[in-house]
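Structural characterization, general
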Amino acid sequence: MAGTTERPTGFGRLKRKEDPRFIRGQGHYVDDVTLPGMLHGAVLRSPLAHARITSIDTSAAQQHPKVRAVITGKDLEAQGLAWMPTLSADTQAVLATDKVRFQGQEVAFVIADDEYAARDALELIDVDYEPLPVVVDPRTALDAGAPVIRDDKDGKSDNHIFDWEAGSEEECDRVFEDADVTLVTQEIPFQRVHPAPLETCGAVADYDAVTGKLRLWCTTQAPHAHRTLYALVAGLPEHKIQVIAPDIGGGFGNKVPIYPGYVCAIVGSIVTGKPVKWMEDRTENLTSTGFARDYLMRGRIAADRDGKIRALRVDVLADHGAFNATAQPSKYPAGFFHIFTGSYDLEAAYCTVKGVYTNKAPGGVAYRCSFRVTEAAYLVERMVDLLADELEIDPVELRMKNFIKKEQFPYTTRTGWVYDSGDYAATMNEALRIAGYDELRKEQAEKRARGEYMGIGCSFFTETVGAGPKKDMDIAGLGMADGAELRVHPTGKAVLRISVKTQGQGHETTFAQIVAEELGIPPEDVEVVHGDTDQTPFGLGTYGSRSTPVSGAATAMVSRKIRDKARLIASAALEVSPDDLEWERGRWFVKGDPEKGQTIQEAAFAAHGTLTLPEGVEGHLDAEAVYDPPNLTYPCGAYICVVDVDPGTGEVKIRRFIAVDDCGVRINPMIVEGQVHGGLAEGVGIALMQHIAFDDQGNCLSGSFMDYLVPSSMEVPDWELGETVTPSPHHPIGAKGVGESSNVGSPPAVVNAVVDALEPFGVRHVDMPVTPARVWEAIQHGTTRPPQ
Amino acid sequence: MQVPAPFDYARASSVDEAIALLERLGPEARLVAGGHSLLPMMKLRLATPEHLIDINPLESELNYIREEGGLVRIGALTRHRDVLASEVLARHYPIVREAEELIADPPVRNRGTVGGALCQADPSEDLSAVFAALGAVTVIRGSGGERVVTMEDFHEGPYETAVGDAEMLVEVRVPIREHGGSAYEKVKRRTGDWATAASGVALWLDGANVGAAGIALSAVNPTGIRSTRAEQALIGRPPSEEAFAEAAALAAEDCNPATDQRGPADYKRHLAQELTHRALRRAAERALAS
């Protein structure tokens with residue numbers, strides 16, 4: 001690993017500006033916000049998954065000496081606020097009025113002098129429930145006679161949400177008919193998981209009745225989108241709403257939606273005239289906020305005998321819980337799932353996705369994932385391994401044989417994506433080199449002969465990130481373009497204002513480095529302002545690995561505007577034509593006379609000084625830009641996982657994990673590596689231990705970190721990282737985004753490795769999470785659960 | 001934030017005072033030592049004691065590991081960390097350190113106590129099985145004096161022990177015996193998790209044969225932690241793969257695991273057999289080397 005003693009003036013390894021405050025415990029999170037006279041709210045939640053509310057008696061709670069107000073769904077109904085829109089054109093109850101539809105659903109909100117009293121008073125509220133039959137298994141959600149969960153919707157007589165398809169069924173059928181080999185998988189679930197950020201969700205609402213201004217400190221990844229939605233829903237004027245996202249302790253998609261607690265805090269502040277804080281606890285976060293995945297997938301693959309993959313077809317049943325609270329572009333109800341063709345050059349592809357309601361928490365959000373890309377990558381990478389097994393071809397060789405070739409880019413997939421760039425074979429080869437793949441296979445053969453079970457799993461993913469072009473993509477009608485404003489002060493120090501919001505990604509460092517690279521000034525001279533809607537330009541926020549692809553591009557573009565303006569100022573100062581000036585890092589100089597020039601700092605002072613500026617050039621050195629991406633970016637990666645399985649106990653030990661990522665140009669390689677480490681750890685957690693599980697009555701069984709397991713350093717290996725760099729041709733600095741890649745790419749590598757280890761037992765698939773119990777069962781049942 | 005229901009708090013400055021407080025405050029009072037089981041349950045409002053009696057001030061009285069009179073005596077307020085670090089325990093009973101290394105994580109081990117672990121009597125708890133395998137006894141004190149109770153009688157069931165409302169566990173006594181070996185085997189889903197299944201084993205040789213044996217399982221039985229039939233199957237025979245297999249099969253046969261998120265009952269039953277077999281193998285190696 002390269003040293004960090006040399007401080008880059010642009011791109012390069014640089015410790016994060018954010019680190020000192022986080023390392024010292026000096027971060028400032030929503031729960032650190034304390035305002036004079038602030039009250040505390042707590043949410044009463046449903047103990048049942050499906051029940052009619054026959055009565056709510058809040059009188060005892062109201063009489064608690066420290067309680068200031070108790071709000072129920074009926075109170076909100078009077079204001080037209082009992083229901084709110086989700087980010088997927090559905091509605092969600094803020095506080096239940098008619099029925100509760102999942103265990104943990106919000107029923108009432110207590111506001112008290114302190115959090116202890118608020119929680120004590122919850123126990124004084126008496127709710128009568130009439131239990132209703134529940135729908136837990138999405139496979140039964142559309143059965144005739146299944147209880148209708150969303151009878152709040154006019155004329156709704158079933159639990160169907162949407163049907164969606166992409167690609168061509170006809171072409172797919174044709175290829176399947178004449179292919180040498182076709183393989184149909186069993187149902188492959190990507191289980192319900194939860195992003196589980198260490199900071200739970202919460203808000204402090206402060207409504208000033210005199211000025212009419214609402215200030216909301218909130219755990220949000222998308223402060224501007226939230227502001228607009230509050231304006232649209234609550235009828236508050238948008239210029240009187242200030243959403244502030246202070247330091248955020250991890251988001252991973254969980255902090256994209258608007259949650260009922262935020263709305264309750266706002267209503268509570270309006271009702272009481274005091275600031276109201278609401279912070280959910282761990283159980284509330286795990287059981288009521290945006291879950292992820294929960295796709296039941298069946299794949300079909302058609303290939304020639306020699307291993308040329310010809311077509312893929314996938315049919316998905318998607319469990320969205322009680323309210324469809326997915327956050328994704330409105331054109332795509334199943335997100336970007338149709339990227340399931342992965343990294344392969346195919347003749348045909350077709351997918352269908354059917355969304356249904358169940359009596360479970362609403363979602364699902366894109367957990368460190370660009371809108372269902374993770375589910376798609378998992379499925380295709382499992383299918384390719386199953387095909388390799390069927391054809392008795394090495395899984396790496398099969399991938400190599402089918403990769404989209406470097407010269408085919410830009411490549412249009414059978415489902416309509418235009419991949420920008422990639423050199424998949426080079427990326428794969430780099431992973432094989434680091435892993436020592438051939439030696440690993442030899443070691444495996446030797447171990448098998450001794451009765452030891454070692455597995456080698458490979459995955460190769462293509463991500464689609466940086467949503468997205470306004471012509472195709474919006475969230476709740478808002479186009480997915482982002483703004484940036486750059487102001488260079490007279491002394492050459494700069495302030496960059498961006499619409500995206502870090503939750504740990506290091507924006508304050510990365511974005512300063514982009515400005516530094518473009519203007520040739522030190523990154524520490526660039527202050528990055530973000531997370532406050534009163535101080536930053538509009539944009540859709542940080543998720544879907546979109547910050548660098550969209551806001552990073554806006555930052556480069558606004559820096560270039562500054563550079564161009566500095567050229568005009570330099571031309572006036574140096575009394576030459578702008579055309580006679582040439583740029584070198586940090587400075588315009590006169591062609592043929594390099595001694596004569598002006599730095600950005602000098603230009604900044606001149607712009608604010610007494611210099612007579614050329615006609616049409618306004619003073620100061622400021623600029624604005626809005627970036628509407630012409631296309632998404634397509635990072636990729638090759639991952640290899642090596643596991644040792646103890647067949648006596650079913651325990652899986654990840655011995656090695658090699659991750660070669662190609663995210664285009666790397667702005668700060670240290671931050672990229674940190675992102676990859678985090679996503680890999682999450683991926684291992686998903687693959688081996690995580691599941692938001694329910695019993696047959698819809699009781700959530702995973703409501704704490706005792707039951708919803710997060711991997712520790714003891715469960716992960718020392719990551720072995722590598723890189724290839726294929727710049728994005730359409731992005732101003734060639735960067736593609738990397739935040740999610742490792743979470744997307746790692747689960748199939750882990751599962752493929754375990755299945756590979758268990759091959760001698762005839763095992764061809766094991767569902768996630770691959771717990772010791774599942775591994776042991778797979779060994780016992782051997783070939784009894786092969787693909788059908 | 002998870003916040004507990006209202007409760008009163010008292011600090012005891014001696015064991016006698018703690019017992020007097022328990023008598024005075026009645027059955028809604030609970031002792032708190034490390035608090036790593038009780039406090040999370042209170043924050044989730046699964047436990048709502050009206051009074052907490054803090055016994056952490058009793059360190060000097062109840063935190064000790066002493067070798068005397070053919071016994072190792074362990075004070076009830078001895079922290080997991082001290083048990084893990086104890087050379088005396090490691091020398092006499094390797095099972096103890098093996099188990100402690102697999103209990104929770106350092107923050108829990110720094111505060112959690114032997115007495116707390118045994119009195120919480122979680123069915124997946126490790127030390128109950130360890131001490132049962134070693135044939136330890138517990139010392140319970142009340143205002144009327146002390147009584148000595150075997151581990152089997154101490155552990156009455158999940159979250160149930162022989163300690164009465166106005167009594168407290170003050171000591172665990174482990175006999176020191178020659179020619180012994182012990183071992184602990186545990187499967188868990190991740191570091192810090194409770195056991196999916198665990199097996200604690202101790203063997204003592206009498207010449208070439210097994211003279212005495214202790215086999216106790218964790219997480220696979222709602223009640224009763226010792227596997228007597230498995231122990232009997234070893235006694236009077238030389239330690240051998242055949243004997244271990246037989247004993248391990250009996251241990252599995254006699255356990256009664258429940259299906260839960262850690263795995264189905266048949267998997268846990270298999271683990272009871274597999275882990276007991278592995279532990280027996282290692283315990284016997286140690287006994288033979290002693």
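Calculation notes
Residues numbered from 1 in each chain as written. Chains lettered and ligands numbered in written order. Predicted model: local features only at pLDDT ≥ 70, side-chain atom pairs only at ≥ 80, totals over all residues. Helix = DSSP H or I, 4+ residues; strand = E, 2+ residues; numbered from the N terminus. Expected span 1.5 Å × (residues − 1). Buried ≥ 20, exposed ≤ 12 C-beta atoms within 10 Å, placed from the backbone. Arc of directions from axis to C-beta. Domains from an automatic or database assignment. Contact = placed C-beta atoms within 7 Å. Nonpolar A, V, L, I, M, F, W, Y, C, P; charged D, E, K, R; others polar. Pairing = 2+ DSSP bridges. Axes fitted to C-alpha atoms, helices over the stretch in contact; angles between N-to-C directions.

**Some words on helix H11 (residues 424-435) of chain A**
Residues and elements named next belong to chain A. With 12 residues, H11 ought to run about 16 Å at 1.5 Å a step, and its terminal C-alpha atoms sit 17 Å apart, in line with that. Listing the buried residues of H11 in full gives Tyr 424, Thr 427, Met 428, Ala 431 and Ala 435. Down the axis of H11, the buried side of the element spans an arc of 100 degrees, and every buried residue falls inside it. Remark: Gly 436 follows H11 within two positions and exhibits a positive phi of approximately 65 degrees.

**Some points on the domain arrangement of chain B**
All names here are of chain B. Assigned domains within chain B: domain 1 (8-54), domain 2 (61-175) and domain 3 (180-285). Computed over C-alpha atoms only, the centres of domain 2 and domain 3 are separated by 20 Å. Facing 23 residues of domain 2, the contacting portion of domain 3 comprises 23 residues. Tallying contributions element by element places helix H9 (residues 127-133) first for the side of domain 2 that touches domain 3, with five residues. Classifying every residue of the side of domain 2 that touches domain 3 gives 13 nonpolar, five polar and five charged.

**Quick look at unusual backbone geometry**
All names here are of chain A. The omega torsion of the bond from Ala 467 to Gly 468 falls at -25 degrees, within 30 degrees of zero and hence cis. You can see Gly 468 is positioned in the loop between strand S21 (453-462) and strand S22 (474-475). The residue after Met 768, namely Pro 769, is reached through a cis peptide bond having omega -10 degrees. Considering the arrangement of structural elements, one finds Pro 769 in the loop between helix H17 (741-757) and helix H18 (772-781). Phi at Phe 371 takes a positive value of approximately 55 degrees, unusual for a residue other than glycine. In this fold, Phe 371 is placed in the loop between strand S18 (348-356) and helix H9 (373-391). For Phe 371, a count of 27 C-beta atoms within 10 Å corresponds to the buried category. Despite not being glycine, Ala 476 shows a phi value in the positive range, around 50 degrees.

**Focus: the domain arrangement of chain A**
Residue and element names in this part refer to chain A. Here chain A is partitioned into domain 1 (33-132 + 199-249 + 255-288), domain 2 (292-412 + 420-467 + 631-784) and domain 3 (481-627). Taken over C-alpha atoms, the centre of domain 1 sits 41 Å from the centre of domain 3. Breaking the side of domain 1 that touches domain 3 down by element, the ones donating at least two residues are helix H6 (223-234) and strand S14 (241-244). Considering every element that reaches the side of domain 1 that touches domain 3, the biggest residue donor is H6, with four residues. Looking at the side of domain 1 that touches domain 3, its residues break down into nine nonpolar, three polar and two charged.

**Focus on the sheet that holds strand S25 (residues 494-498) of chain A**
Residues and elements named next belong to chain A. Taken together, four strands build an open sheet; the order of strands is S26-S25-S24-S30 and the sheet is mixed. Of all strands in the sheet, those bounded by a partner on one side alone are strand S26 (526-529) and strand S30 (621-627). Neighbour to neighbour, the strand axes of the sheet diverge by 15 degrees on average, direction disregarded. One ladder, built from four bridges, connects S25 with S26; its direction is parallel. Looking at S26, one finds that Val 495 is bridged to Glu 527.

**So, the interface of chain A and chain B**
Each partner contributes to the interface: chain A provides 24 residues, whereas chain B provides 20 residues. Mapped onto the side of chain A that touches chain B, the elements with two or more residues apiece are helix H4 (115-122) and H18 of chain A. For the side of chain A that touches chain B, the residue count by class is 11 nonpolar, four polar and nine charged.

**Let's talk about the sheet that holds strand S1 (residues 8-11) of chain B**
All names here are of chain B. One open sheet holds the three strands; their spatial order is S1-S3-S2, and the pairing between them is parallel. If you trace the sheet from one side to the other, it starts and ends with S1 and strand S2 (29-32), each paired once. Between one strand axis and the next, the sheet turns by 25 degrees as a mean value, whatever way the strands run. Taken together, the four bridges between S2 and strand S3 (residues 51-54) define a ladder with parallel strand orientation. Counterpart to Val 32 in the pairing with S3 is Asp 54.

**Description of the pairing of S18(A)**
Residue and element names in this part refer to chain A. Within S18, eight of the nine residues are buried, which leaves it mostly tucked inside the rest of the structure. In this structure, strand S9 (residues 160-167) lies alongside S18, joined through seven bridges in antiparallel fashion. Counterpart to Asp 163 in the pairing with S18 is Lys 354. Sheet topology note: the strand S17 (residues 309-319)/S18 ladder contains nine bridges and is parallel. What sits directly across from Ala 318, in S18, is Gly 355.

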